[in-house]
Amino acid sequence: MTDQPPEPSPRPALSGELRASHHDREAVVERLRDAAAEGRIDLDELDSRLEQALKSKLLAELAVLTADLPRPGSPDNRPPLVLKGGMSGASRGPGRWEVPGHVIAHGGVGGVKIDFTRVECHHTEVAVEAYGETSGVTIVIPDGWATETSGMDPGTGGLTDETTPDRLPGTPLIRLTGSGGMAGVVIRHPNHRERRKLHSNPAQG
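Values in this document were obtained by computation on a predicted structure and should not be read as measured data.

What counts, and at which threshold
Residues numbered from 1 in each chain as written. Predicted model: local features only at pLDDT ≥ 70, side-chain atom pairs only at ≥ 80, totals over all residues. Heavy atoms only, no water. Core = buried A, V, L, I, M, F, W, Y, C linked by side-chain atoms within 4.5 Å. Buried < 20%, exposed > 50% of the residue type's maximum accessible area, 1.4 Å probe, protein only. Helix = DSSP H or I, 4+ residues; strand = E, 2+ residues; numbered from the N terminus. Pairing = 2+ DSSP bridges. Axes fitted to C-alpha atoms, helices over the stretch in contact; angles between N-to-C directions. Contact = heavy atoms within 4.5 Å. Expected span 1.5 Å × (residues − 1). Arc of directions from axis to C-beta. Polar contact = N/O pair within 3.5 Å; in protein donor to acceptor, adjacent residues only side chain to side chain.

Q: Kindly report on the nonpolar core, identifying the contributing residues and their values.
A: In terms of nonpolar packing, the biggest core is built from 22 residues, with I114, F116, V128, I139, I174 and L176 touching the most fellow members. For this core, the leading source of residues is strand β5 (residues 125-131), giving 3 residues. In this structure, A20, V29, L62 and L65 belong to the second largest nonpolar core, which totals 13 residues.

Q: Describe the sheet that holds β5, listing the residues and the values that go with them.
A: Taken together, the 5 strands give an open sheet; going across it, the order is β1-β3-β5-β9-β7, and neighbouring strands pair in parallel fashion. A single partner strand is all that each edge strand has here, and the edge strands are β1 (81-84) and β7 (146-153). Adjacent strand axes in the sheet meet at a mean angle of 15 degrees, parallel and antiparallel pairs treated alike. Both β1 and strand β3 (residues 102-106) contribute to a ladder of 4 bridges, which runs parallel. Looking at the pairing, L81 lines up with V103 of β3.

Q: Kindly report on the environment of V119, identifying the contributing residues and their values.
A: For V119, the position within the fold is in the loop between β4 (112-115) and β5. Given the relative accessible area of 17%, V119 is considered buried. For V119 and I141, which are 22 residues apart along the polypeptide, the C-alpha to C-alpha distance reads 9.6 Å. When neighbours within four sequence positions are excluded, V119 is seen to be in contact with W97, V99 and W145.

Q: Hey, could you go over unusual backbone geometry for me, with residue numbers and the actual values?
A: The general pattern is negative phi for most residues beyond glycine and trans for most peptide bonds. Residue P94 is reached from G93 by a cis peptide bond, and omega for that bond is 10 degrees. Within the secondary structure layout, P94 lies in the loop between β2 (90-92) and β3. Positive phi, close to 50 degrees, is recorded for E133, a residue that is not glycine. Of note, E133 is situated in the loop between β5 and β6 (137-140). A residue is classified by how much of its surface remains accessible, and E133, at 32% relative accessible area, is partly exposed.

Q: So what about the pairing of β6? Which residues, and what values?
A: Examined bridge by bridge, β4 and β6 share 4 bridges and lie parallel to one another. The partner of V112 across the bridge, within β6, is V137. In this sheet, strand β10 (residues 185-188) lies alongside β6 in parallel orientation, the contact comprising 4 bridges. By the bridge assignment for β10, V140 is matched with R188.

Q: Please set out the environment of E120 residue by residue, giving values where relevant.
A: Checked against the element boundaries, E120 lands in the loop between β4 and β5. Ignoring any residue separated from it by four or fewer positions in sequence, one finds E120 in contact with R96, W97, E98 and V99.

Q: Give a detailed account of helix α1 (residues 22-37), specifying residues and quantitative values.
A: Between its first and last C-alpha atoms α1 spans 23 Å; for 16 residues at 1.5 Å apiece the expected length is 22 Å, and the two agree. Of all the positions in α1, only R25, V28, V29, L32, A35 and A36 are classed as buried. Seen from one end, α1 has its buried residues packed into an arc of 125 degrees, which puts them on one side. Exposed positions of α1 whose direction lies more than 90 degrees from the buried face are H23, E26 and A37. Just beyond α1, the residue with positive phi is G39, at close to 85 degrees.

Q: Before we move on, could you go through helix α2 (residues 43-55) and cite the residues and values that matter?
A: Here α2 contains 13 residues, and its C-alpha end-to-end distance of 19 Å stays within 8% of the 18 Å for a straight helix at 1.5 Å per residue. For α2, the elements touching its buried residues are α1 and α3 (59-66). Between a side-chain oxygen at the N-terminus of α2 and the backbone nitrogen of D44 the separation is 3.2 Å; the capping residue is D42.

These figures capture arrangement, not role.
Structure, rendered in structure tokens:
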């Protein structure tokens, strides 16, 4: 009895023939929605592309839907966000904004407030340098986020940390450094007024 020749091994799939996962489709959907928000595609085209994205089976089919859109830059390569209180103060939030890996706040004469309660954050850690100077810096973080303040110099104004140590899985750590200066730095969770506002005006998906 003669041996049967071995069956040929399956041909490796080309990259464009690879099957798309739920995560792949969701990533394209999010990218298309961002493109529409930036005015790159209109709402009719958004609806058409979203429908195609949800039906796509292959990575190549998904790639076609974003081929004419700019590639999103790596958040780690973005420059720091710098906020300067100046004479009239400065703030970022509480609306939706994308957090870079590094934030620098100078309280100046008018003070600075940074509100992270509705942000989009892709980092496991965010480095925040806060300098209280004359009017101070206030940082508001969502429940479930935690902070590390051992690198902070309290200065004359001091550091007030009113956050809880309970960090939820998947949330970023705020690594706070800098100096309290004359007016100090406060980091806390939302107060009662801010919570009421968040509850009455929930973020849109």
